[in-house]
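Report on the structure
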Amino acid sequence: MPIVVELLNQATYQDQQDLQKIYRDAPDWLFAPFAGDTQLIEGCLQDGSLIAGRFNDRLLGAARLQRHHDVWHLSHLCVRKITRHRGVAERLVNEAQKMASQAGATLRLLAPAGHLEAQELAAKLKVPLDELPM
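Fair warning: this is a prediction, and the values are worked out from it, not measured in the lab.

A look at helix α4 (residues 116–125)
Those residues of α4 not exposed but buried are A118, A122 and L125. When α4 is viewed along its axis, its buried side chains cluster within an angular range of 80° and face the same direction. Seen from the open side of α4, the exposed residues pointing more than 90 degrees away from its buried face are L116, E120, A123 and K124. Considering only its buried residues, α4 is in contact with α3 (88–102), β5 (106–111) and β6 (129–131). Positive backbone phi, approximately 55°, marks K126, located one or two places after α4.

What to know about the pattern of salt bridges
Under the defined criterion, the tally for this structure stands at six salt bridges. Here R58 and D18 are joined by a salt bridge, their closest N and O atoms 2.8 Å apart. Of the two residues, R58 sits in strand β3 (residues 58–67) while D18 sits in helix α1 (residues 13–24), which places them 40 residues apart along the sequence. When its relative accessible area of 31% is taken as the criterion, R58 is described as partly exposed. The class of D18 is buried, set by a relative accessible area of 0%. Across the pair R108 and D130 runs a salt bridge whose closest N-O atoms are separated by 2.7 Å. Of this pair, R108 sits in strand β5 while D130 is found in strand β6, placing the two residues 22 residues apart along the sequence. Salt bridges linked by common partners bring E6, D15 and R54 together as one network.

Quick notes on the rules
Residues numbered from 1 in each chain as written. Predicted model: local features only at pLDDT ≥ 70, side-chain atom pairs only at ≥ 80, totals over all residues. Heavy atoms only, no water. Buried < 20%, exposed > 50% of the residue type's maximum accessible area, 1.4 Å probe, protein only. Helix = DSSP H or I, 4+ residues; strand = E, 2+ residues; numbered from the N terminus. Arc of directions from axis to C-beta. Contact = heavy atoms within 4.5 Å. Salt bridge = Lys/Arg side-chain N within 4 Å of Asp/Glu carboxyl O.

So this is what it looks like as structure tokens:
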């Protein structure tokens, strides 16, 4: 069964639990400019910028997708620790690229400067990386 990527406008109780599990093990730098996982999740749900990868009715990964006219930014990408290195992040990025392309925009990753994880992912998936303003 494939990973289904979706925009989350509303989160069920189970979705909320899954999102907390996804971001529980995230490094502190990932949350900027948010104060932490709760503020990130709530803020992104409120403004409709949260996308997530679902497998068997459970969320395995999530990211913030900010949609602008020409450029869309994907940031705060995190996959649940027990399901990392199984293609979930790649699937999220690929689907975000497809959504941006269909809207006539290009996708760029967005992360704080100097974080190797973000640089490695951008290089591996051949997606431009912009630095998150501090």
